[in-house]
Amino acid sequence: MASVVETAIRGIVTKGITSVADFNRGRQDEERAHPFLTGIHAPIHDERTLTDLPVTGTIPAELAGRYVRIGPNPFKPDPRGHHWFVGDGMVHGIRLANGKAEWYRNRYIRSQVLEAQGGPAAAPGPRRSERDGVNTNVIQVAGKTMALVEAGSYPVELSDELESVAYSNFGGGLKGSFTAHPHQDPVTGEFHAITYDAMAPEVIHHVVLDAAGTVQREVAIPVANGPSIHDCTITSRYAVIFDLPVTFSMKALIGGQKFPYRWNTEHKARVGLIPRHGGAEDVIWCDVEPCYVFTSPTALTAPMAAL
């Protein structure tokens, strides 16, 4: 855990670097057509509620519930430094019941960043920082619908109608960042996550929630270069860490890029096995060929499940 002095110094340095990054971003071509802000990727602004949707064919009555997805949808798009991973979150959903498509809804995640841009009022709840955008995944945790993002903001609880209820640090138990891709153990109901944070490139965390959504552990694991750990997986005995050569790039950040991660040939690729109740000293590191894992199975099956 960083000391008060370390935290203060990091805050001052971060503000300085952010100012330089903002300056360099402002020098880029504001009129440039960005491929992820134009055409089929162009942002939409209307929040809509459509009911009694027309159906072609037949929806089985047994198929009931909501199909929900989320993604970046910049409220005020700016091509300067833009990356398709960033931007205000917008959640979309369709509700099916009794052979009907009852509704479609799309709603912005009510962040403070969105409100500052002139968007809807921000949802209540704790924040880790001023950058509170959430735009990457939606899952169920202890009966609650949660919108998630990696390496930054706390999750956001959503209502059944996809409105932003509140930001959540799981009752105060979550101290650092979370992930967009926790994996639930089908036997215990636990959620396991490997989390990272660009502002703390020397450490990642193994975070575990119980089936009730209470944080049980948040174990710090030393790393180098600030790896982007987009996903993880679990076995019956271990959580699996993908420490691979896509890492934080200070050059990209200072240059004004909003997603400052790059392929790093100097970063050794390795996979770690941390015992599900072990510490950083218990991690088994295995060198692998350079690669990157974007998504992984919810839980590894035989023969690796024996691990």
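Preceding this section is the structure that the text describes.
Residues numbered from 1 in each chain as written. Predicted model: local features only at pLDDT ≥ 70, side-chain atom pairs only at ≥ 80, totals over all residues. Heavy atoms only, no water.

A. Focus on unusual backbone geometry. Residues other than glycine seldom take positive phi values, yet aspartate 52 does so here, at roughly 50°. You can see aspartate 52 is positioned in strand β1 (residues 49–53). At asparagine 98, a residue that is not glycine, the phi angle is positive and equals roughly 55°. Checked against the element boundaries, asparagine 98 lands in the loop between β3 (89–97) and β4 (100–108). (Helix = DSSP H or I, 4+ residues; strand = E, 2+ residues; numbered from the N terminus.)

B. Main features of the pairing of β4. For β4, the tally of buried residues reaches 7 of 9 residues, placing the bulk of the element in the interior. Of the strand pairs in this sheet, β1 and β4 are connected by 4 bridges, and their pairing is antiparallel. The residue of β4 that forms the bridge with threonine 51 is tryptophan 103. The turn linking β3 back onto β4 is made up of 2 residues, and asparagine 98 within it adopts a positive phi angle of 55°. (Buried < 20%, exposed > 50% of the residue type's maximum accessible area, 1.4 Å probe, protein only. Pairing = 2+ DSSP bridges.)

C. Structural detail: the sheet that holds strand β10 (residues 191–195). Across the sheet, 4 strands lie side by side as β9-β10-β11-β12; this open sheet has antiparallel pairing. Here the strands that pair on one side only, and so sit at the sheet edges, are β9 (183–184) and β12 (215–222).

D. Quick look at the environment of glycine 256. Turning to its location among the elements, glycine 256 is positioned in the loop between α3 (250–254) and β16 (261–263). Taking the C-alpha atoms as reference, glycine 256 lies 37 Å from threonine 49; in sequence the two are 207 residues apart. The residues contacting glycine 256, other than those within four sequence positions of it, are Ala21, Asn24, Arg25, Gln28 and Gly81. (Contact = heavy atoms within 4.5 Å.)

E. Quick look at the pattern of salt bridges. Applying the stated criterion to the full structure yields 13 salt bridges. Between aspartate 132 and arginine 127 there is a salt bridge, and its shortest N-O distance comes to 2.9 Å. Aspartate 132 gets classed as buried once you look at its relative accessible area, which sits at 1%. Aspartate 243 is the salt-bridge partner of arginine 270, the closest N and O atoms lying 2.7 Å from each other. Placement of arginine 270 in strand β17 (residues 270–275) and of aspartate 243 in strand β14 (residues 238–243) is noted, with a sequence separation of 27 residues between them. (Salt bridge = Lys/Arg side-chain N within 4 Å of Asp/Glu carboxyl O.)

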